[in-house]
Amino acid sequence: MAVPQIEVENLQKFYRVHHKEEGLLGSVRSLVNRRYRDVKAVDGITFSIESGEVVGFLGPNGAGKTTTLKVLSGLLYPTGGRVSILNGRPHERTPWFLKQITLVMGQKNQLLWDLPAIETFRVNQAVYDIEEGDFQAVLSELVELLELEPLLRKQVRKLSLGERMKCELAAALLHRPRVLFLDEPTIGLDVTMQVRIREFIAEYNARFGATVILTSHYMADVTALCRRVIMIDLGRLVYDGDLRLLVERMAPYKVLKIVLRTPCRRDELEVFGEVRHCNGVKAVLRVPRKEAAEAAARLLTTLDLDDVTIEEPPVEEIVSQLFGRRPPATEPGLE
Ligand SMILES: Nc1ncnc2c1ncn2[C@@H]1O[C@H](COP(=O)(O)OP(=O)(O)OP(=O)(O)O)[C@@H](O)[C@H]1O
């Protein structure tokens, strides 16, 4: 059996925040009598990840994803629980540990703004103590994978958002980390560049067997890259498992897509299920999961069909349904 590379046990991270009362009087009172409260950003989560896995880390805004990644990469000290990465404790931030991991945050940049990206790469070479031969080898690999050649010597401030993100990724990977924490790496990018970055992550994982934890608000990133997802909400784990299984468990219906040889009206289809779309020759229906096969058979015998397919509903829909509900108590059978 594979050995877990990342082990998180009952992790907690609370932020102590100053509770300030409203108004001038409140401000004065707060000066004399400071009151604090704890924000439970991460409240007892447990999971383990094996070497080479690419895991989607999902949750609505404020769920605790970034906080967890910061603890895993050693930027924050946990309030409670245990984290072990490659048998090391992240918060000790030993030079060896820092060479094994990287944290990329789509919303923050590490590139030196007024200089070309190659200059930041050189800084990272020094920081990570990478020998010239290794540096050149890794750099040329990244240049090839990310098509960086025309960008390397351009001032960072003159790069487009997507070009900058590609350079950010290269800067973060020059020391060839084995564990990648990617926090919204495609945020704000256009669809073509999102696809490019996604392909790169898949290629990096395949080539080097790197372990990846990825957060993204774009479900397309997650469906393209991750078979497994870990979901948290309000700092607590709500699901850990197969992404497809989540859809099967959560969606009480399937989607029937039909193409008609002889056009029919919307109301003629309503006896088979909930009609989501109908333009006469093409239609999409939602049918209770258990009745899907029978409904498809009835459609075939009743109407003049050219084609019928039974599909799972889109993952995006299920995830937003899951997080659309408040309070997000653990779903029965989900934990
Ligand atoms: N430095 C901080 N001080 C106090 N509270 C914080 C701090 N950083 C985050 N929080 C709070 O902790 C909770 C979790 O925040 P976190 O950024 O980890 O969530 P997230 O899942 O990454 O959200 P998003 O998807 O919006 O980036 C939120 O309630 C947030 O307001």
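Calculation notes
- Residues numbered from 1 in each chain as written.
- Predicted model: local features only at pLDDT ≥ 70, side-chain atom pairs only at ≥ 80, totals over all residues.
- Heavy atoms only, no water.
- Domains from an automatic or database assignment.
- Phe/Tyr/Trp six-rings, centres within 6.5 Å; stacked < 30°, edge-to-face > 60°.
- Helix = DSSP H or I, 4+ residues; strand = E, 2+ residues; numbered from the N terminus.
- Lys NZ or Arg CZ within 6 Å of the ring centre and 35° of its normal.
- Patch = residues over 30% accessible without salt bridge, like charges linked within 9 Å, V, L, I, M, F, W, Y side chains within 5 Å.
- Areas by Shrake-Rupley, 256 points an atom, 1.4 Å probe, with all protein chains shown as cover.
- Salt bridge = Lys/Arg side-chain N within 4 Å of Asp/Glu carboxyl O.
- UniProt positions renumbered as here; feature names shortened; annotations may be inferred.
- Near = heavy atom within 4 Å.
- Polar contact = N/O pair within 3.5 Å; in protein donor to acceptor, adjacent residues only side chain to side chain.
- 1 Å grid on protein atoms, 1.4 Å probe; cavity = no way out; pocket = protein on both sides within 12 Å on 5 of 7 lines; lining within 4 Å.
- Sits in = over half its atoms within 2 Å of the grid points.
- Buried < 20%, exposed > 50% of the residue type's maximum accessible area, 1.4 Å probe, protein only.
- Pairing = 2+ DSSP bridges.
- Axes fitted to C-alpha atoms, helices over the stretch in contact; angles between N-to-C directions.
- Contact = heavy atoms within 4.5 Å.

As recorded in an unreviewed UniProt entry, the protein chain goes by the name ATP-binding cassette domain-containing protein, listed as coming from Desulfoglaeba alkanexedens ALDC.

Caption draft 1: Structural view of the domain arrangement of the protein chain. Taken as a whole, the protein chain is organised into domain 1 (6-247) and domain 2 (252-311). Taking the mean C-alpha position of each, domain 1 and domain 2 sit 43 Å from one another.

Caption draft 2: Structural context of the packing of aromatic side chains. On inspection of all chains with the given rule, the structure shows 3 aromatic pairs. Their ring planes at 55 degrees and their centres at 6.1 Å tell us that Phe-47 and Phe-57 sit as a pair that is tilted. You can see Phe-47 sitting in strand β2 (residues 35-50) and its partner Phe-57 sitting in strand β3 (residues 54-58), a full 10 residues away along the chain. Linked through ring pairs, Phe-200, Tyr-204 and Phe-208 together constitute an aromatic cluster. Residue placement shows Arg-176 over the ring face of Phe-208; its charged tip is 4.0 Å from the ring centre.

Caption draft 3: The arrangement of a nonpolar patch on the surface in detail. A cluster of nonpolar side chains, contributed by Leu-24, Val-28, Leu-31 and Val-32, occupies part of the molecular surface with about 480 Å² of accessible area. Counting through the fold element by element, Val-32 comes out in helix α1 (residues 23-32).

Caption draft 4: Fine view of the UniProt feature "domain: ABC transporter" (unreviewed entry) in the protein chain. If you check UniProt for "domain: ABC transporter" (unreviewed entry), the listed places come out as residues 6-259 in our numbering. What you have in residues 6-259 is 38% helix and 30% strand, and the ends, taken at the C-alpha atoms, are 48 Å apart.

Caption draft 5: Up close: the site of the ligand. Around the ligand, the surrounding shell holds 13 residues, and the nearest of these are Asn-61, Gly-62, Lys-65, Thr-66 and Thr-67. Gly-64 places a polar main-chain atom, nitrogen or oxygen, 2.9 Å from an oxygen atom of the ligand. Side-chain polar atom of Thr-66 to an oxygen atom of the ligand: 2.7 Å apart, as the coordinates give it. For the ligand, whose unbound accessible area comes to 640 Å², protein coverage reaches 61%. Mapping the ligand onto the cavity grids shows that it belongs to the second largest pocket.

Caption draft 6: Highlighting the pairing of β3. β3 sits mainly inside the fold: 5 of its 5 residues count as buried. Of the two faces of β3, both are covered, the one formed by Val-54, Gly-56 and Leu-58 as well as the one formed by Val-55 and Phe-57. In this sheet, strand β7 (residues 211-215) lies alongside β3 in parallel orientation, the contact comprising 3 bridges. Within β7, the residue paired with Val-55 across the bridge is Ile-213. The sheet contact formed by β3 and strand β8 (residues 228-233) spans 4 bridges and is parallel. Each residue of the ladder has a partner; that of Gly-56, found in β8, is Val-229.

Caption draft 7: Structural view of the pattern of salt bridges. Under the criterion given, the structure shown has 24 salt bridges. A salt bridge links Glu-141 to Arg-176; the nearest nitrogen and oxygen atoms lie 2.6 Å apart. Residue Glu-141 is found in helix α5 (residues 132-146), and its partner Arg-176 is found in the loop between α6 (161-173) and β6 (179-183); the two are separated by 35 residues along the sequence. Accessibility expressed as a relative area gives 23% for Glu-141, which makes it partly exposed.

Caption draft 8: Fine view of the sheet that holds strand β5 (residues 101-105). An order of β5-β6-β7-β3-β8-β9 is seen for the 6 strands of this open sheet, with the pairing classed as mixed. The sheet terminates laterally at β5 and β9 (236-242), the two strands that pair on one side only. The mean angle between the axes of side-by-side strands here comes to 15 degrees, regardless of whether they run parallel or antiparallel. Looking at chain direction, β5 and β6 are connected through 5 bridges and run parallel. Opposite Val-104, over in β6, you have Leu-182 as the bridge partner. Against the sheet, helix α2 (residues 65-72) engages β3, β5, β6, β7 and β8, with an angle of about 155 degrees to β6.

Caption draft 9: Quick peek at unusual backbone geometry. A positive phi angle, near 50 degrees, is found at Asn-10, a position not held by glycine. Asn-10 sits in the partly exposed class, given a relative accessible area of 44%. In this structure, Glu-147 is a non-glycine residue whose phi angle is positive, near 50 degrees. As for its placement among the helices and strands, Glu-147 is situated in the loop between α5 and α6. Under the relative-accessibility criterion, Glu-147 is labelled partly exposed at 48%.

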